[in-house]
Amino acid sequence: MSGNTLDTFGENIMRKVVITFGLIAGAIMILAIFVSGTLIEREILPIAWIEVTGYTTMLIALSMVFFGIKSYRDKHSNGSITFWKGVQIGVLISLIGSVMYFAGGELYNAVNPNFFPKVMQRFSEHQITNMKAKGASDDEIIKKNEEMAQVLVMFKNPLIRFAVFVMEMFPVGIVVTLVSAGLLRKREMLPA
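Residues numbered from 1 in each chain as written. Predicted model: local features only at pLDDT ≥ 70, side-chain atom pairs only at ≥ 80, totals over all residues. Heavy atoms only, no water.

## Things to note about unusual backbone geometry
Backbone phi values are negative for most residues with the exception of glycine, while trans is the configuration of most peptide bonds.
So, step 1. Phi is positive for Glu43, which is not a glycine, with a value near 60 degrees.
So, step 2. Relative to the helices and strands, Glu43 is located in the loop between α1 (3–41) and α2 (50–76).
So, step 3. If you check the backbone angles, Asn78 has positive phi at about 55 degrees while not being a glycine.
So, step 4. Relative to the helices and strands, Asn78 resides in the loop between α2 and α3 (83–111). (Helix = DSSP H or I, 4+ residues; strand = E, 2+ residues; numbered from the N terminus.)

## Concerning the pattern of salt bridges
So, step 1. Applying the stated criterion to the full structure yields five salt bridges.
So, step 2. Linking Lys118 and Glu41 is a salt bridge whose minimum nitrogen-to-oxygen distance equals 3.7 Å. Taken together, the positions of Lys118 in helix α4 (residues 115–133) and Glu41 in helix α1 put the pair 77 residues apart, joining distant regions of the chain.
So, step 3. Residue class for Lys118 comes out partly exposed when judged on its relative accessible area of 38%.
So, step 4. According to the relative accessible area criterion, Glu41 is partly exposed, its value standing at 22%.
So, step 5. Across the salt bridge formed by Asp74 and Lys70, the nearest N and O atoms sit 2.3 Å from each other. A residue pair is termed a helical-turn pair when its members lie 3 or 4 positions apart in one helix, as Asp74 and Lys70 do in helix α2 at four residues.
So, step 6. The class for Lys70 is buried, based on a relative accessible area of 16%.
So, step 7. Several salt bridges converge on common partners, so that one network encompasses Lys70, Arg73 and Asp74. (Salt bridge = Lys/Arg side-chain N within 4 Å of Asp/Glu carboxyl O. Buried < 20%, exposed > 50% of the residue type's maximum accessible area, 1.4 Å probe, protein only.)

## Some details on the packing of aromatic side chains
So, step 1. Evaluation of the coordinates by the stated rule reveals seven aromatic pairs.
So, step 2. Taken together, a centroid distance of 4.9 Å and an interplanar angle of 80 degrees make the contact between Phe34 and Tyr108 edge-to-face. Of this pair, Phe34 sits in helix α1 while Tyr108 sits in helix α3, placing them 74 residues apart in sequence.
So, step 3. Classification of Phe34 by relative accessible area gives partly exposed; the value is 26%.
So, step 4. Note on Phe66 and Phe67: the rings are 5.6 Å apart at their centroids and 90 degrees apart in plane angle, and the pair reads as edge-to-face.
So, step 5. Under the relative-accessibility criterion, Phe67 is labelled partly exposed at 41%.
So, step 6. Ring pairing ties together the aromatic residues Tyr101, Phe102, Phe162 and Phe165, which thus form one cluster. (Phe/Tyr/Trp six-rings, centres within 6.5 Å; stacked < 30°, edge-to-face > 60°.)

Below, the structure written as structure tokens:
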């Protein structure tokens, strides 16, 4: 095979790995949105846990970055990978997962259009209760209520929602990517 053919072959393999593991990460996030959304709506999952469960789920989904880089290294790169190739694979997996996270949120919102306003209202009430417990002034509480109302108005714009969803997950994906690429560039780290 010529060098050009090998490059194309390598790119196709990388594309397949990135798409496969990105779709798995995204599917985990979509499943999590539907499960946690249902639990929150039925008030089984306390609103105070929304951030913890959200970021925990993201870490579980983004473990696909580690497995994607490892799969590429072990199966398609003779057991070794450069840090930058690992970063490239991880960033792309994270990007696919982040976009699917947004798509899952939109799908859940389409099925249940009152979800975001209801959750924002409950989250706002939770924050106000915490502020009162800590002795916040009436002015601080009024300001927080205004901020939450403004967020709800902004959330009606799909571009804002897209930015929020991606900026929630993608930075976590970058951290997972850097750690995974750093660890997996070493041949002795979990060899095939």
